[in-house]
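Now for the letters of each chain:
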Amino acid sequence: QVQLVESGGGLVQPGGSLRLSCAASGMIFSIYDMGWYRQAPGKKQRELVAALTAGGNTVYTDSVKGRFTISRDNPKNTVYLQMNSLKPEDTALYYCNRGPPRTALKADYWGQGTQVTVSS
């Protein structure tokens, strides 16, 4: 069935950049809204970072506006998150998922995530 594989995380210094990728399979990728979510250390819940609808509309959480950009490549079944000007508070395990954010946050299935650590 649906599989989501996140990659691209790592250790980066404040002010640095990373590009996360999420490869999806087992779904008709192009018809789904896709989003990036993160769970910070010590927090019990994931939170929305950015979402991109099937129609091309975007939404970002306030803390990343102007720094992060979500995009998708439908032929590759992949959604990306370009992360610039990274801050220590961006440190988290980053996940992708499908559907509108309200629905996605309640999803039963999540991939393994990719760890982003911002530290000097």
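Residues numbered from 1 in each chain as written. Predicted model: local features only at pLDDT ≥ 70, side-chain atom pairs only at ≥ 80, totals over all residues. Heavy atoms only, no water.

Quick notes on the state of the cysteines
Inference 1: Tallying each qualifying case throughout the model produces one disulfide.
Inference 2: The side chain of C22 participates in a disulfide bridge whose partner is C96; the two sulfur atoms lie 1.8 Å from each other. Linking C22 and C96, the disulfide has an S-S dihedral of approximately 55° and is accordingly described as right-handed. Of this pair, C22 sits in strand β3 (residues 18-25) while C96 sits in strand β9 (residues 92-98), and the two are 74 residues apart along the sequence.
Inference 3: Here C22 falls in the buried class, since its relative accessible area comes to 0%. (Disulfide = S-S within 2.5 Å. Helix = DSSP H or I, 4+ residues; strand = E, 2+ residues; numbered from the N terminus. Buried < 20%, exposed > 50% of the residue type's maximum accessible area, 1.4 Å probe, protein only.)

Considerations on the side chain of R72
Inference 1: Inspection of the secondary structure assignment puts R72 in strand β7 (residues 68-73).
Inference 2: Notably, R72 is buried but unbridged: the nearest opposite-charge side chain belongs to D33, and the N-O separation is 5.5 Å.
Inference 3: Among the polar contacts listed, one links the side chain of R72 to the backbone oxygen of Y32, at a separation of 2.8 Å.
Inference 4: Within the local environment of R72, its side chain forms a polar contact with the backbone oxygen of T53, the two atoms lying 3.5 Å apart.
Inference 5: When near neighbours in sequence (up to four residues on either side) are disregarded, R72 contacts F29, S30, Y32, D33, M34, L52, T53, A54, T78 and V79. (Lys, Arg positive; Asp, Glu negative; His and termini not counted. Salt bridge = Lys/Arg side-chain N within 4 Å of Asp/Glu carboxyl O. Polar contact = N/O pair within 3.5 Å; in protein donor to acceptor, adjacent residues only side chain to side chain. Contact = heavy atoms within 4.5 Å.)

Considerations on the nonpolar core
Inference 1: Counting 28 residues, the largest nonpolar core has W36, L81 and Y94 as its most contacted members.
Inference 2: Elements that contribute at least two residues to this core include exactly β3, β4 (34-39), β5 (47-52), β7, β8 (78-83), β9 and β10 (114-118).
Inference 3: Ranked by residues supplied to this core, first place goes to β3 with four residues.
Inference 4: In this structure L81 touches L18, R19, L20, W36, V49, A50, F68, T69, I70 and Y94, once residues within four positions along its chain are discounted.
Inference 5: Counting six residues, the second largest nonpolar core, distinct from the first, contains Y37, L48, A51 and A104. (Core = buried A, V, L, I, M, F, W, Y, C linked by side-chain atoms within 4.5 Å.)

A short note on the pattern of salt bridges
Inference 1: Scanning the model with the defined rule gives five salt bridges in all.
Inference 2: Between R38 and E47 there is a salt bridge; the shortest N-O distance is 2.9 Å.
Inference 3: Among the residues examined, E47 registers a relative accessible area of 29% and is labelled partly exposed.
Inference 4: Residue K76 is joined to D73 by a salt bridge in which the shortest nitrogen-to-oxygen separation is 3.6 Å.
Inference 5: On the basis of relative accessibility, which here comes to 54%, the residue K76 falls in the exposed class.

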